[in-house]
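Structure at a glance
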Amino acid sequence: MSDREAGRRDRLRATAAGAGLDAVLVTNLLNVRYLTGFTGSNGALLLRTDGGDLFGTDGRYTTQAGIQVPDV
């Protein structure tokens, strides 16, 4: 993960908080990649406005997710 993806998540978090949302569920793989850097074919990001984001994928990508998305 780079600072670029963290900055993107922070901007989305601020937008969501400004709209009164508690979280945003991102399932479109292009958007997941944009926000996390994850390049697998199955993944989702739950971006919470209070931090503590969650990333989920299936077992095929456990190692890859650990490398590409270690901070989520």
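Anyway, here's the lowdown on the structure attached to this text. Just so you know, these numbers come straight off a predicted model, no measurement behind them.

Our next topic: the sheet that holds strand 3 (residues 54-56). Spatially, the three strands line up as an open sheet ordered 1-2-3, and their pairing is antiparallel. Of all the strands in the sheet, just strand 1 (23-26) and strand 3 have a single pairing partner and so form its edges. For this sheet, the mean angle separating the axes of adjacent strands, direction not counted, is 10°. Strand direction decides the pairing type here: strand 2 (residues 44-48) and strand 3, joined by three bridges, are antiparallel. What sits directly across from A44, in strand 3, is G56. Contacts from helix 1 (residues 3-18) reach strand 1 and strand 2 within the one sheet, and its direction differs from that of strand 2 by about 55°.

Bringing the packing of aromatic side chains into the picture now. Under the criterion given, the structure shown has two aromatic pairs. Taken together, a centroid distance of 5.7 Å and an interplanar angle of 85° make the contact between F38 and Y61 edge-to-face. Of this pair, F38 sits in the loop between helix 2 (29-36) and strand 2 while Y61 sits in the loop between strand 3 and helix 3 (62-68), and the two are 23 residues apart along the sequence. With a relative accessible area of 2%, F38 lands in the buried category.

A word on the side chain of R9. With respect to the helices, strands and loops of the structure, R9 is situated in helix 1. Within the local environment of R9, its side chain forms a polar contact with the backbone oxygen of L35, the two atoms lying 2.7 Å apart.

Turning to the pairing of strand 1, a few remarks are in order. On strand 1, burial follows the alternation: V24 and V26 on one face are buried, whereas A23 and L25 on the facing-out side are not. By the bridge criterion, four bridges tie strand 1 to strand 2 in an arrangement that is antiparallel. Bridge pairing links V26 to L45 in strand 2.

Cut-offs used in this document
Residues numbered from 1 in each chain as written. Predicted model: local features only at pLDDT ≥ 70, side-chain atom pairs only at ≥ 80, totals over all residues. Heavy atoms only, no water. Pairing = 2+ DSSP bridges. Helix = DSSP H or I, 4+ residues; strand = E, 2+ residues; numbered from the N terminus. Axes fitted to C-alpha atoms, helices over the stretch in contact; angles between N-to-C directions. Contact = heavy atoms within 4.5 Å. Phe/Tyr/Trp six-rings, centres within 6.5 Å; stacked < 30°, edge-to-face > 60°. Buried < 20%, exposed > 50% of the residue type's maximum accessible area, 1.4 Å probe, protein only. Polar contact = N/O pair within 3.5 Å; in protein donor to acceptor, adjacent residues only side chain to side chain.

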